[in-house]
Amino acid sequence: MPLEGFLEKSGRYTKSWVKRYLIFDAATCQLSYGETQAKMKKGMTLSKVIRSSEQSPKIVAGSPDLYSFSVEGKTVEGKPDMYAIRCPDVTSFTEWFFTIRNALGALGAMEPFNY
């Protein structure tokens, strides 16, 4: 069963956060998004997930980006792409981040517990 719901997303070129409906299929590592569930875009097949606090020492307790992470992969057309995803709370962050990380680890895309 896919993981889905509203989160905030920013892209490689658009740095502002926008609320988007995301769907992640762990079996295929496909992440899709849209303004609503009815307006989904193609998305990408993921190959990497990185917790934002591991990328920047500026993210500390109380920062709105504490519950954010970046994903990298390839679009349907085969082009590399990257999104930043921000969750509203620790519960949704834990669900999304670890589901993606474990799915990538299961496919051998990255080490699930040593990254």
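You'll find the structure just up there.
Thresholds, definitions, all that
Residues numbered from 1 in each chain as written. Predicted model: local features only at pLDDT ≥ 70, side-chain atom pairs only at ≥ 80, totals over all residues. Heavy atoms only, no water. Helix = DSSP H or I, 4+ residues; strand = E, 2+ residues; numbered from the N terminus. Buried < 20%, exposed > 50% of the residue type's maximum accessible area, 1.4 Å probe, protein only. Contact = heavy atoms within 4.5 Å. Pairing = 2+ DSSP bridges. Axes fitted to C-alpha atoms, helices over the stretch in contact; angles between N-to-C directions. Phe/Tyr/Trp six-rings, centres within 6.5 Å; stacked < 30°, edge-to-face > 60°. Lys NZ or Arg CZ within 6 Å of the ring centre and 35° of its normal. Core = buried A, V, L, I, M, F, W, Y, C linked by side-chain atoms within 4.5 Å.

Undergrad: Please provide a residue-by-residue account of the overall build of the protein chain, values included.
TA: A tally of helices and strands in the protein chain yields two helices and six strands. The helix and strand sequence of the protein chain, counted from the amino end, reads β-β-β-β-α-β-β-α. Among the 115 residues that make up the protein chain, the fraction classed as buried is 41%. Nonlocal contacts in the protein chain, meaning residues at least 24 apart in sequence, comprise 43% of its contacts between residues at least 6 apart.

Undergrad: Please provide a residue-by-residue account of the sheet that holds strand β1 (residues 3–11), values included.
TA: A barrel is described by the order of its strands in space; here six strands give the closed sequence β1-β2-β3-β4-β5-β6, paired in antiparallel fashion. Pairs of neighbouring strands in the sheet enclose a mean axial angle of 50 degrees, with direction left out of account.

Undergrad: Describe the packing of aromatic side chains, naming the residues involved and giving the relevant values.
TA: By the definition in use, this model includes seven aromatic pairs. Between Y33 and Y83, the ring centres sit 5.3 Å apart and the planes meet at 85 degrees, which makes this aromatic pair edge-to-face. One end of the pair, Y33, is in strand β3 (residues 30–34); the other, Y83, is in strand β6 (residues 80–86), and 50 residues separate them in sequence. Look at Y33 and you get buried, because its relative accessible area is 15%. On the basis of relative accessibility, which here comes to 4%, the residue Y83 falls in the buried class. With a centroid separation of 5.2 Å and an interplanar angle of 10 degrees, the aromatic rings of F93 and F97 are classed as stacked. With F93 and F97 both in helix α2 (residues 90–106), this residue pair falls four residues apart, about one helical turn. Look at F97 and you get buried, because its relative accessible area is 3%. The rings of Y67, F69, F93, F97 and F98 are connected pair by pair, giving a single aromatic cluster. The ring of Y33 has K9 sitting right over it, with the charged end atom 4.3 Å from the ring centre. Note that K19 overlies the ring of F6, its terminal NZ or CZ placed 5.0 Å from the centroid.

Undergrad: I'd like a rundown of the nonpolar core, residues and numbers included.
TA: For soluble globular proteins, the rule of thumb is that nonpolar side chains tend to be buried together. By size, the foremost hydrophobic cluster in this structure holds 22 residues, and its most contacted members are F24, L31, F69, V71, W96 and I100. When contributions to this core are tallied by element, the ones reaching two or more residues are β1, β2 (18–25), β3, β4 (44–51), β5 (68–75), β6 and α2. Considering every element that reaches this core, the biggest residue donor is α2, with six residues. Aside from chain neighbours lying at most four places away, what touches I100 is F24, L46, V49, F69 and V71.

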